[in-house]
Amino acid sequence: DEAIRHAVAADEMTWGAQLIEQHVDERILRGEGATLARWLAMLPVGLISARPRLCLAQAFVAVAESDVDAAGPALDAAECALGCAAEESFESSAGPASSFLVNVPAAIALERAVLAHLCGDGENTAVFASRALAATGKGEQMLESLARWYLAVAEWLRGHLAAAEGA
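Residues numbered from 1 in each chain as written. Predicted model: local features only at pLDDT ≥ 70, side-chain atom pairs only at ≥ 80, totals over all residues. Heavy atoms only, no water.

Student: So what's going on with the side chain of R51? Residues and values would help.
Tutor: Structurally, R51 is set in the loop between α4 (45–49) and α5 (52–64). Engagement of the side chain of R51 in a polar contact is seen with the side chain of E21, the distance being 2.8 Å. With residues near it in sequence (within four places) discarded, R51 still touches T14, A17, Q18, E21, A81 and E88. (Helix = DSSP H or I, 4+ residues; strand = E, 2+ residues; numbered from the N terminus. Polar contact = N/O pair within 3.5 Å; in protein donor to acceptor, adjacent residues only side chain to side chain. Contact = heavy atoms within 4.5 Å.)

Structure, rendered in structure tokens:
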């Protein structure tokens, strides 16, 4: 927290953005959406929209705050930024196995599955969870397990209880 405040105070916004990205996973795992929202509020909107991991962080915060309507545009921005952003190295403080942000395409698909679930849409929950699972890489246990979870949720939403239980 102190390092992020220092980076912003020094007008080193890119450094602040990198620090936030590095610690998003910890904040999510600890249920500290308010901290994450406060950090994001310190950055210029244009910088956030240019960094897919920060857009994803906005989507996570929106879902945590039950603002489903804000999550979709944040995911759209993440997809747009992903297509335009230069490749940067990324190291989560939670490690790659526990990271939501280690794989941006999988994380976007997974968060879309979450939104579909929250809307009671079993079909799209399955579609996006399948995309997330297909996009996960070796060692990305958090993303893989959540994608499998939402595939089970999709079966439950569609009334296929035995398949949901099996999943």
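Student: Summarise the pattern of salt bridges; cite the residues concerned and give the values.
Tutor: The full count for this structure, using the stated rule, is ten salt bridges. In this structure, R27 and E32 form a salt bridge, with 2.6 Å as the shortest nitrogen-oxygen distance. A residue is classified by how much of its surface remains accessible, and R27, at 9% relative accessible area, is buried. Residue D76 is joined to R112 by a salt bridge in which the shortest nitrogen-to-oxygen separation is 2.6 Å. (Salt bridge = Lys/Arg side-chain N within 4 Å of Asp/Glu carboxyl O. Buried < 20%, exposed > 50% of the residue type's maximum accessible area, 1.4 Å probe, protein only.)

Student: Let's hear about unusual backbone geometry: which residues, and what values?
Tutor: Of note in this structure, D11 is not a glycine but carries a positive phi near 60°. Mapped onto the fold, D11 is located in the loop between α1 (2–9) and α2 (13–29). Phi at S66 takes a positive value of approximately 60°, unusual for a residue other than glycine. Residue position: S66 is located in the loop between α5 and α6 (68–84). Taking the relative accessible area as the measure of exposure, S66 reaches 65% and is therefore exposed.

Student: Quick one: what's the story with α1, residue by residue and with numbers?
Tutor: For α1, every residue scored as buried is listed here: I4, A7 and V8. Axial view of α1: buried residues confined to an arc of 95°, hence all on one face. When the buried face of α1 is taken as reference, the exposed residues oriented beyond 90 degrees from it are E2, H6 and A9. On its buried face, α1 sits against α2 and α3 (33–41). (Arc of directions from axis to C-beta.)

Student: So what's going on with the state of the cysteines? Which residues, and what values?
Tutor: The full count for this structure, using the stated rule, is zero disulfides. Here C55 stays unpaired: no disulfide links it, and the sulfur of C80, its closest cysteine neighbor, is 8.3 Å away. For the unlinked cysteine C119, the closest cysteine sulfur is that of C55, found at 20 Å. Under the relative-accessibility criterion, C119 is labelled exposed at 58%. (Disulfide = S-S within 2.5 Å.)

Student: Explain the environment of A71 residue by residue, including any values.
Tutor: With respect to the element layout, A71 can be found in helix α6. Judged by relative accessible area, which is 0%, A71 ranks as buried.

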